[in-house]
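Chains, contacts and geometry: an overview
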Amino acid sequence: MDKAYNPKNHEDEIYKQWEDSDYFNPDKLPDADKREPYSIMMPPPNVTGVLHLGHALENSIMDIEVRYQRMRGKRALLIPGTDHAAVATQARVEKNLQAAGMVNPRAVLGRDGLVEKIREYAEESKSTILNQIRKMGTSADWSRLAYTFDETRSRAVNELFRRMYDDGLIYRGYRVVNWSVKGQSTCSDDELVSVERPAKLYTFKYAADFPITISSTRPETKLGDTAVAVHPQDSRYLEYIGQKFTVDVGAAQPLTITIIADAGVDPEFGTGALGVTPAHSAIDFEMYQKNLEIGIIPVIGKDGRMLETAGTAYADLTVEEAREKFVAWLRAEGLMIGEEEITQNVGTSDRFGDVVEALPMEQWFVAVNKEIPGRGKTLKQFMTEAVTTGHNGDPKQKVTITPDRFADIYAHWIENLRDWCISRQIWWGHRIPVWYRGKEMFYSETMPEGEGWEQDPDTLDTWFSSAAWTFSTLGWPEKTKDLADFHPSNWMQMGHEILFFWMARMILMTTYALDTIPFRDVYIHGILRDKNGQKFSKSLGNGIDPLDVIAQYGTDALRLSVIKGIAPGNDARFYEEKVADARNFVNKLWNVARFVLTSQQDDLTHLSGNSTASIFSQSEMSERGIGAKESSYSIADQWIQSRAAWIVQEVTQDLEKYQFSQAAEKIYAFLWHDFADWYIEITKFLPNQPLTRKILETILKLAHPFIPFVTEQIWREMGYTELLMVADWPQQQWKHDETIEQQFSAIQDMVIQIRNLRAQYNISYQKTFPMIGAAEGEAAMIIQRLGRVEIQPQGEGTMHIMNAQYNFIVNMAELIDVEKEQQRLGTEIADLEKYIASIEKKLDNEQFVANAPAAVVEQEREKLAQAQQKLSAKQDELRNIQV
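None of the values given here were measured: they were computed from a predicted structure.

1. What to know about the pattern of salt bridges
- Tallying each qualifying case throughout the model produces 52 salt bridges.
- In this structure, Arg236 and Asp234 form a salt bridge, with 2.8 Å as the shortest nitrogen-oxygen distance.
- Across the pair Asp581 and Lys564 runs a salt bridge, and its minimum N-O distance is 3.9 Å. Placement of the pair is Asp581 in helix H16 (residues 576-598) and Lys564 in the loop between helix H15 (555-563) and strand E25 (572-573), with a sequence separation of 17 residues.
- One salt-bridge network, held together by shared partners, links Asp27, Arg75, Asp141, Arg144, Lys481, Asp482 and Asp485.

2. Here we look at the side chain of Thr510
- Residue position: Thr510 is located in helix H13 (residues 499-513).
- Not counting residues within four places of it along the chain, the set of residues in contact with Thr510 comprises Ala467, Thr470, Phe471, His487, Asp515, Thr516, Ile517 and Pro518.

3. Notes on the packing of aromatic side chains
- One pass over the full model with this rule turns up 36 aromatic pairs.
- Ring geometry for Tyr15 and Trp18: centres 5.9 Å apart, planes at 75 degrees, overall edge-to-face. Of this pair, Tyr15 and Trp18 both sit in helix H1 (residues 11-21), three residues apart, which is roughly one turn of the helix.
- Judged by relative accessible area, which is 0%, Trp18 ranks as buried.
- With 6.4 Å between their ring centres and 80 degrees between their planes, Trp678 and Phe744 make a pair best called edge-to-face. Here Trp678, found in helix H20 (residues 660-683), pairs with Phe744, found in helix H23 (residues 738-761); they are 66 residues apart in sequence, far enough to count as distant.
- By way of ring pairs, the aromatic residues Tyr15, Trp18, Phe24 and Phe709 are connected into one cluster.
- One residue, Lys126, lies across the ring of Tyr147, its end atom 3.7 Å from the ring centre.
- When the ring centre of Tyr668 is taken as origin, the NZ or CZ atom of Lys564, which lies over that ring, is 3.7 Å away.

Reading the values: the criteria
Residues numbered from 1 in each chain as written. Predicted model: local features only at pLDDT ≥ 70, side-chain atom pairs only at ≥ 80, totals over all residues. Heavy atoms only, no water. Salt bridge = Lys/Arg side-chain N within 4 Å of Asp/Glu carboxyl O. Helix = DSSP H or I, 4+ residues; strand = E, 2+ residues; numbered from the N terminus. Contact = heavy atoms within 4.5 Å. Phe/Tyr/Trp six-rings, centres within 6.5 Å; stacked < 30°, edge-to-face > 60°. Buried < 20%, exposed > 50% of the residue type's maximum accessible area, 1.4 Å probe, protein only. Lys NZ or Arg CZ within 6 Å of the ring centre and 35° of its normal.

The analysis is restricted to geometry; functional conclusions fall outside its scope.
Right, here's the structure in full:
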C-alpha cells in the first residue's frame, strides 16, 4: 500500500473498472432478478457550457443516494442526461457570435444556419459535461444516456403535444404574455427574475372632470386604458359603477373608460381604484375577459416602442421616452396630483436580462383549469392532489417533499397558476408540430400532403420536454420494460430555484400522460454560494471549475466538502478550507487503513486464493481468527463494537431521511476520533487484528457512497476481488452497549485530563510521571500507555485528577516549578479580583442600572459571571499545586 494516497494515481483507473464491470447498469448487477427496482433520473444539466460547483453538489447528492441503495440490495438505476435548454443555449450562441462581430446572427445565418451553429456548440458542450459527470464519480448507467432533444425524447414530446391538443388542453389563443424585447421571445411567469429598483408612483386623473383618481408607475400604458376597476362594496365609487366616460389623453382616439366592479381590487391600497390596461397587464387582461365590452388597446409593440394607437405624439418612442412625455402633459394639464419615490420589483428575463413587457399576442398555451376529457379533473387539480391527498386520492400515489415546508410553497403557487404559455419565438428546440395553409391549421410531425403548407415558426418551451423526463427517459410512449420496472421513479433531487420550473411541470405532465406520479420522494437542496454568500457567476468573477478543485484535492474531497454542512432546502457556502479539511479526512482514512493492513502484513504477503470475497480461504481466515468469534474482548474491543453498532444505525437512519450532511459528519467523527484517536492507538498494545479489520470494512462501506474512490482502492488493498460498490451495506453484527460506553468514557476522561495537564503546564509527553490511585487490568494499561503515566497504589500528591469512576493524585512539585506557578497564579487572581470589584461597583450603582440600556446592564452581569467563574478556576488551580 502506497505511503500516501494520490487521487490522480487511482481515480480514472477505478472509474474505468466500475464502467467495465457493467454494474452501473442495474440489469447487470449480481442477482439482478432478485433485486427490487430503484430509479433516479439525473436532473439534466443545460448544454450551455461547463458544469459549476452547484452541479458538483447535485451529482454528489444523487450519487450518494444511488450508491447507498445499490449497497442496500436494490436494482439501482441512475439515468444520466443533458438538456438542450432552448432559450439559454440559443442566447449563449448568439451572444458568442455577436462578440465575434456578427451583429444580427439570425439575419446573417438564417434559421437552418443558426440552428446548425447552436447544434455544434451544444454537442461540444454536452461532451464536456458528460466527462465532468464521470470525473465526479457518478455511477450512472451510460447505456441509457438521454438528451431532451434526441430522437426518443422528440417522439415523446410530439406525442404529448398531440394528445393534449386532441384533448383540448393545448390551444392557440390571444392573451397577454411576458415578452423579452431583447430576446424577441415570450417568457413564462416562473422564468422571470424579480429585480428591485427605484421607481416613481404617479397619482393623476385622466381628465379634469373625471371623477376618480388613479395611481401608476407606468403612466405611458394609460394611453391604452379602457376601464377603471373598483371594489364592488367601496362606497366612494358605487354610484359610478357601470358608467362610461370619454377622455382625451392624446391617444390616436379618445378613450372610453368604463367603471367596473372587481372583488380583486383592494380598497385600502392607494386610491382604491385601478386603471385597467387589458393589453399590458395579465391581471387587467383577466378583468377584460370578464368584461369583454371594455375592449383592448395595445399601445406597445414587440420592439418595445409605442404603437400608432398611442397617438402621433408618442408613436415610435421608447416606453421611457413616452413616459416622460406623458407625465409632462399631465403636469401641464393640471391633472398630476402627486409623485412619490418608491422601490419597485420588476420582472426581468432570466436569460436575456431585460425588463419584460406584458403584451397581447397569439401564442400556444396549456390549459390548466380545463377539465380533461374522461378524467373528470383539471391539470391543476392533478398537480394539487399529487402533494396533498395523493393522485386520484390514493395516498400511495403521493409525492413527499423534503423539507416539507416546500409542499406548502408549492401548493400556494398552484393556487395562483395561470395557463402555461408554451410557445417561444426562437429557433433552437422542438418546433411546434402544427402547419398552416391560409386559414387551415393541421397537426402533424411531418408536412401534410399538398402545396402551400408552412410549419409554425415557434418552438416549445424547453420545460415542455423536461416535464416528461421521468418517463421519456424510460422509452415512453412505447410500453417498455424499463417503464414498467422503474416508473414512478423513487427519488428526485433539485434546487429550490427550479421547484416551479420543473417539479410542478413534471407532476402536471406525468399525471396527465401516465395517470400516476413522476416520483415518490423529492429532495430540495439550496444554492451553493461562495464564502461571502454570493451566487457563483461569471460577472462577479467568483466562478470555480470543479475540475480545478479535483485536480488539486481529488474528487472524494470535493464531494465530501460540498455535502458537509448542508441542510435540506437551505443555501450553503463553499470554502476552499472545507475541501482541504475533506482531503485531510481522505488521507486519514488511507493512513489508518495502511496501519491496519501493515499490522497484518505477514498474512497479506504470502497468502493467495481464488475466493471472490477475499484472498483468504475460509480455513486460513479461521486459523488467523479473521471472521471467527472471539472468546473474550478487551474493554476497548467491546467499546468499539458498541460504537460501530451505533454508527451503522445512525448513518442508515440519516440516509433513509436524506440527511446526507449529518451522516457524513458522523462517519467523519467515528473514523477520526473513535477509531483512529482511541481504538487504533490502543491496538498498538492490546491488538485484535480480526476485529480491527472488521471495523475498517464497516467504515469503508459506510463511507463509500460519499467518497467512493479512496474506499474502493482501500477495499482492493484489503484483498477483495469483488467491487466495494456492490458490497452489502453493513448489517447490525454488534450491539450498542451504553454500560460499556460509560465505562470506557471514564477511562477516556482520565487520559484527556492527563493530556490537558501536560498541555497546561508544558510537561513533555516523553516524561512519564507517577499518579497515585487505583485502577486495574486493561483500564490501568490504557490510562498508563495513552497518558504516559505510572499508576502507583500509594504516595503523596497535591492535585486530584478524578471523575465518577477514578480518583488519582499527582505530586505537582515533581513536575513543575511550584513557586513560579504560584506567583503567576497569584498575579492573575489579584487582577481578576480587581476586575470583579470594578464591575460589582458599577452594578451596585442604582443610577447606572436604572438609566443604562437593559442590554448594557445584562452584558455587565455576564462579564461578572464569567470573571467569577474564571477566578474560581484559578483558585482551584492554585490549591492543586500547593505543596
